[in-house]
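Below are the chains, spelled out letter by letter.
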Amino acid sequence: MDNFVESKWFVRVVAFLLAFLLYMTVNFADFEAVQQAGDSGLDTTEVLTNVPVKTYYDTENLYVSGIPEQVRVELSGPKSIIESTKRLRNFELTLDLTDYEIGEHRVAIKHKNFSEKLDVSILPASVDVMIEERVITSRKVTPEFNDSALAEGYQVDNVTVAPREVKVTGSESDIDKIAFVRTALTGEDEISEETTATAAVQVLDGDLNKLDVKVEPATVQVSISVKNPSKKVPLNAVSKGIPAENVTITSLEPNVEEITIYGKESALEELKEFSLPVDVSGVTKDTTLTVPVNLGEQFNFSSPQEVKVKVTVEKSTDESS
C-alpha cells in the first residue's frame, strides 16, 4: 500500500483531481456571477402603455380639464422584476389636485408601489390642467343621419332619439361654448327598414371641436323609420324587334292597365307613364308573352314585377309567290 501511495501514478491522479476541482470551482463562481448580473443588472428597458391615472380633487364643486385618461410608463431594471410588475399591476399613478386653487396649473404625475430596483419614468411626466367651477346643464340631443346609408330608392321618414335630453357636466367656460349636442347612426349595411341602434353623444363648439365635458348617458338609442315612395302610372306596352316575315303586329294588350313603381320621390314626380318593351322577334301568330318589368337604375321595385301581354298579329299573303 505504501508503495502505491508513493508511486508516480498516484501522484498524477491526485494532481489531476485537484486541478479538475479547482477548474470547476472557478467556472461555477463565474457562472453564478454572470447569472446574478443578468438578474440584477439595469440593462433592460420596457414601456408600459395605456396606464390609467387616478386624480384627486373636489369633484362635487370643481371640474378639471386636461387630465389624461392614460399615460405611458418606462421601466428600467432587472427583467424579472419588470415582468413581475407587469403581471401584478399593483402600482399606481396619481394626480393630486386637492391643494390647488381655481386656475391653470402644471402638475407632476406621481407614482407609488414600484420596486426600488426599478427606474420609473412617466410619459408625460407632468400635465397642464385647468381647474374651474363645476357646472351641470341639460341639453337636447339632435339626431343626424346621412342619406347615403339608405338602400337605393329609400328615404328617411322619421328619426328619433331616446332619451331626448342628456346631462352635460363641465367647466363654466366649456359649457358656454356648447353649440351642438348631437348623435349620428353609422353602420356598414344599407338601411331598408326601421332600424334602432346605440350611438355616442357628441358635444361640440361652434367650430365642431369636441369639448372636454362629461355626458350622461354617454350613448343614446337612435331609431330611424324609412319609406319607399311609390306611384301608380298607366302601363304602355310597346313592341321591339321584328316579327316573322309577312307578319304584322296589330295590337299589344297587357293584362293590367296600371303599374305601381317604387323609388325616390324626385324621380317619381317626373314619371307620367311606364313604357314596357315587348320583344316580338320571330312571332308568327297570336300569342301571350310574359314580360319582366325592367326598371333600370332610376327605380328599385314594381308591382307587378312581370306582365302578361297578349300579342295579336295579321298575316299578309305574298302576291309574288
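Residues numbered from 1 in each chain as written. Predicted model: local features only at pLDDT ≥ 70, side-chain atom pairs only at ≥ 80, totals over all residues. Heavy atoms only, no water.

Draft legend 1. Inspection of the nonpolar core at higher detail. The biggest cluster of nonpolar side chains holds 24 residues, and the ones touching the most others in it are Val73, Leu93, Leu95, Leu97 and Ile109. Judged by nonpolar contacts, the second largest core, of 23 residues, contains Leu235, Val247, Leu271 and Leu276. (Core = buried A, V, L, I, M, F, W, Y, C linked by side-chain atoms within 4.5 Å. Buried < 20%, exposed > 50% of the residue type's maximum accessible area, 1.4 Å probe, protein only.)

Draft legend 2. Molecular detail of the pairing of strand β16 (residues 219-227). When strand β11 (residues 155-162) meets β16, the two strands line up antiparallel, connected through seven bridges. Paired with threonine 160 across the bridge in β16 is serine 223. In the sheet, strand β14 (residues 195-204) pairs with β16 via six bridges, with the strands oriented antiparallel. By the bridge assignment for β16, threonine 195 is matched with isoleucine 224. (Pairing = 2+ DSSP bridges. Helix = DSSP H or I, 4+ residues; strand = E, 2+ residues; numbered from the N terminus.)

Draft legend 3. Just helix α3 (residues 79-88), in detail. Taken together, the buried positions of α3 are Ile81, Ile82 and Thr85. Axial view of α3: buried residues confined to an arc of 100°, hence all on one face. Facing away from the buried side of α3, by more than 90 degrees, are the exposed residues Lys79 and Arg87. Positive backbone phi, at 50°, marks arginine 89, one or two positions downstream of α3. (Arc of directions from axis to C-beta.)

Draft legend 4. The arrangement of the pairing of strand β19 (residues 258-263) in detail. Across five bridges, the pairing between strand β17 (residues 230-240) and β19 is antiparallel. From the neighbouring strand, lysine 232 faces β19, where its bridge partner is threonine 260. In terms of strand pairing, β19 meets strand β22 (residues 299-303) through four bridges, oriented antiparallel. By the bridge assignment for β22, threonine 260 is matched with serine 303.

Draft legend 5. Just the pattern of salt bridges, in detail. With the rule as written, the count across this model stands at eight salt bridges. A salt bridge links glutamate 92 to lysine 54; the nearest nitrogen and oxygen atoms lie 3.1 Å apart. Note that glutamate 92 is positioned in strand β5 (residues 92-96) and lysine 54 in strand β2 (residues 54-56), a separation of 38 residues in sequence. Judged by relative accessible area, which is 45%, lysine 54 ranks as partly exposed. Between glutamate 92 and lysine 112 there is a salt bridge, with its nearest N and O atoms 3.4 Å apart. (Salt bridge = Lys/Arg side-chain N within 4 Å of Asp/Glu carboxyl O.)

Draft legend 6. Just a negative patch on the surface, in detail. Negative charge collects at one region of the surface, where Glu152, Asp189, Glu190 and Glu297 lie side by side. By the element assignment, glutamate 297 lies in the loop between β21 (287-292) and β22. (Patch = residues over 30% accessible without salt bridge, like charges linked within 9 Å, V, L, I, M, F, W, Y side chains within 5 Å. Areas by Shrake-Rupley, 256 points an atom, 1.4 Å probe, with all protein chains shown as cover. Lys, Arg positive; Asp, Glu negative; His and termini not counted. Charge placed at Lys NZ, Arg CZ, Asp CG, Glu CD.)

Draft legend 7. Layout of the environment of proline 292. For proline 292, the location among the structural elements is in strand β21. Here proline 292 falls in the exposed class, since its relative accessible area comes to 58%. Counting along the chain gives twelve residues from proline 292 to proline 304, while the straight-line C-alpha distance between them is 9.0 Å. Sequence-distant contacts of proline 292, that is, excluding residues within four places in its chain, are made with Leu276, Gln305 and Glu306. (Contact = heavy atoms within 4.5 Å.)

Draft legend 8. The arrangement of the sheet that holds β16 in detail. Pairing is mixed across the open sheet formed by five strands, whose spatial order is β10-β13-β14-β16-β11. Lying at the two open borders of the sheet, with one neighbouring strand each, are β10 (142-144) and β11. Each strand axis lies, on average, 35° off the axis of its neighbour in the sheet, ignoring direction. Pairing geometry for strand β13 (residues 180-184) and β14, over four bridges, is antiparallel. Across the sheet, threonine 183 pairs through a bridge with valine 201, a residue of β14. (Axes fitted to C-alpha atoms, helices over the stretch in contact; angles between N-to-C directions.)

Draft legend 9. Up close: the packing of aromatic side chains. Scanning all chains against the criterion turns up two aromatic pairs. Ring geometry for phenylalanine 91 and phenylalanine 114: centres 4.6 Å apart, planes at 20°, overall stacked. Of this pair, phenylalanine 91 sits in the loop between α3 and β5 while phenylalanine 114 sits in the loop between β7 (110-112) and β8 (119-123), and the two are 23 residues apart along the sequence. A single burial state applies to phenylalanine 91 and to phenylalanine 114, both of which are buried. (Phe/Tyr/Trp six-rings, centres within 6.5 Å; stacked < 30°, edge-to-face > 60°.)

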